Amino acid sequence: MAIFAIGDLHMSTAVPKPMDKFGWINHVERILNDWKENVTEDDIVLIVGDTSWALKLEDAAQDLEILSEMPGQKMIIRGNHDYWWNGVKKMQKMFPKLYFVHNNHICIKEYIIYGTRGWICPNEKQFSDIDRKIYDREVKRLLYSINSSTEEEKEGKTSILMLHYPPTNEQGEASEFTEIIDRFSIHQVCYGHLHGRESHATGLQGMRNKTYYHLVSCDYLNFKIKKIIE
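Since the structure is predicted, the reported quantities are computational estimates derived from the model, not experimental observations.

## Concerning the overall build of the chain
Helix and strand counts for the chain come out as seven helices and 11 strands. The C-alpha atoms of the chain give a radius of gyration of 16 Å, which matches the 17 Å a tight globule of 230 residues would have. Taking the principal axes of the C-alpha coordinates as reference, the chain spans close to 40 × 40 × 30 Å. Pairs at least 24 residues apart make up 77% of the contacts formed inside the chain by residues separated by at least 6 positions. Accessible surface computed for the chain: about 11,000 Å², of which carbon and sulfur atoms make up 48%. The average position of the 28 basic charges and that of the 33 acidic charges among the side chains of the chain differ by 3 Å.

## Let's talk about the sheet that holds strand β1 (residues 3–6)
Pairing between the strands of a sheet comes from backbone hydrogen bonds, and it takes one of two forms, parallel or antiparallel. On the basis of which strands lie adjacent, the open sheet formed by five strands has the order β4-β3-β2-β1-β11 and mixed pairing. In the strand order of this sheet, the two ends are held by β4 (98–100) and β11 (226–229), each with one partner. Strand-to-strand twist in this sheet, taken as the mean axis angle between neighbours without regard to direction, amounts to 30°. Two strands pair when backbone bridges link them, and strand β2 (residues 44–47) and strand β3 (residues 73–76) are joined in this way by four bridges, in the parallel orientation. Counted as the bridge partner of V45 is K74 from β3.

## Topic: the environment of M207
Take M207: it is sitting in strand β9 (residues 206–208). As a C-alpha pair, M207 and T13 span 194 residues in sequence and 37 Å in three-dimensional space.

## Brief notes about the sheet that holds strand β7 (residues 158–163)
Read from one edge of the open sheet, six strands run β5-β6-β7-β8-β10-β9, paired in mixed fashion. At either end of the open sheet lies a strand with only one pairing partner, and these are β5 (105–108) and β9. Across the sheet, the axes of successive neighbouring strands diverge by a mean angle of 25°, strand direction being ignored. Bridge analysis of β5 against strand β6 (residues 111–116) gives four bridges, and the strand direction is antiparallel. Bridged to H105 within β6 is Y114. With respect to the sheet, helix α4 (residues 129–147) is in contact with β5, β6 and β7, its orientation differing from that of β6 by roughly 160°.

## Section: the pairing of β3
Successive side chains on a regular strand alternate, one facing one side of the sheet and the next facing the other. In the classification by handedness, the crossover that spans β2, the intervening helix α2 (residues 57–68) and the parallel β3 is right-handed. As paired elements, β3 and β4 share three bridges and run parallel to each other. Paired with I76 across the two strands is F100, which belongs to β4.

## A look at the layout of surface pockets
Remark: the empty space left among the atoms is shown by a probe the size of a water molecule rolled over them. Taken as a whole, the largest pocket spans an internal volume of roughly 290 Å³. For the largest pocket, the lining is made up of 15 residues, of which E124, E170, L194, S199 and T202 are closest to its centre. Class assignment for the residues of the lining of the largest pocket results in four nonpolar, seven polar and four charged. In this structure, the second largest pocket encloses a volume near 200 Å³. Lining the second largest pocket are 15 residues, with H10, S12, N26, H27 and V28 sitting closest to its centre. Residue assignment for the lining of the second largest pocket shows that the elements contributing at least two residues are α1 (27–38) and α2. Among the elements that line the lining of the second largest pocket, the one with the most residues is α1, at three residues. Residues of the lining of the second largest pocket, tallied by class, amount to six nonpolar, five polar and four charged.

The rules behind each value
Residues numbered from 1 in each chain as written. Predicted model: local features only at pLDDT ≥ 70, side-chain atom pairs only at ≥ 80, totals over all residues. Heavy atoms only, no water. Helix = DSSP H or I, 4+ residues; strand = E, 2+ residues; numbered from the N terminus. Rg over C-alpha atoms; globule rule 2.2 N^0.38 Å. Contact = heavy atoms within 4.5 Å. Areas by Shrake-Rupley, 256 points an atom, 1.4 Å probe, with all protein chains shown as cover. Lys, Arg positive; Asp, Glu negative; His and termini not counted. Charge placed at Lys NZ, Arg CZ, Asp CG, Glu CD. Pairing = 2+ DSSP bridges. Axes fitted to C-alpha atoms, helices over the stretch in contact; angles between N-to-C directions. Right-handed = clockwise from strand over helix to strand, strands pointing away. 1 Å grid on protein atoms, 1.4 Å probe; cavity = no way out; pocket = protein on both sides within 12 Å on 5 of 7 lines; lining within 4 Å. Points joined across faces, edges and corners; volume = space filled by probe spheres on them. Nonpolar A, V, L, I, M, F, W, Y, C, P; charged D, E, K, R; others polar.

The following block contains the structure:
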């Protein structure tokens, strides 16, 4: 069983919204083709938000159905553009081949997977009082996700955290997200959200303390899925 990750698919099957102007030519087709070539049914695929441009769940349904039929066991968190997101129980019933991670966790064999959207961190260029409220809420949601698992469930498992936003600001400074990651000894963290060479350069990557960080925005990966664990 291998673990793959990717983010920011920005699919738009029902309500077309081409990304060509950003240089994302046929980006969804390229991602799905690479996915089919590299992922088996036994593998896990982490989708770290901004999955569909749709505003309503019924419009996102075609995108989610496409992902449902892709190889692997698919885990999805919410991104800042996923306005279609509409209650985990409802979505899980509609799309039983997908796992929606929100204030919960998923255990599969030797892995335990947590997730929340996250938000921009303090000391960003723009960080308002509204951002502070959302940031604080997302910190609590991260704790809800981690604390939803028992010590017995955690025992001997590799822990993986899915975020949409990077867990640090543009300067790479520590945040309450990284403090929690360190406190609970999370092994791997995947996140997306950052687009373009300048933004990619601000993302935390590699080993920091005891955690390995992966930036998996699809444009950073050249529209190929990334294997994070063999």
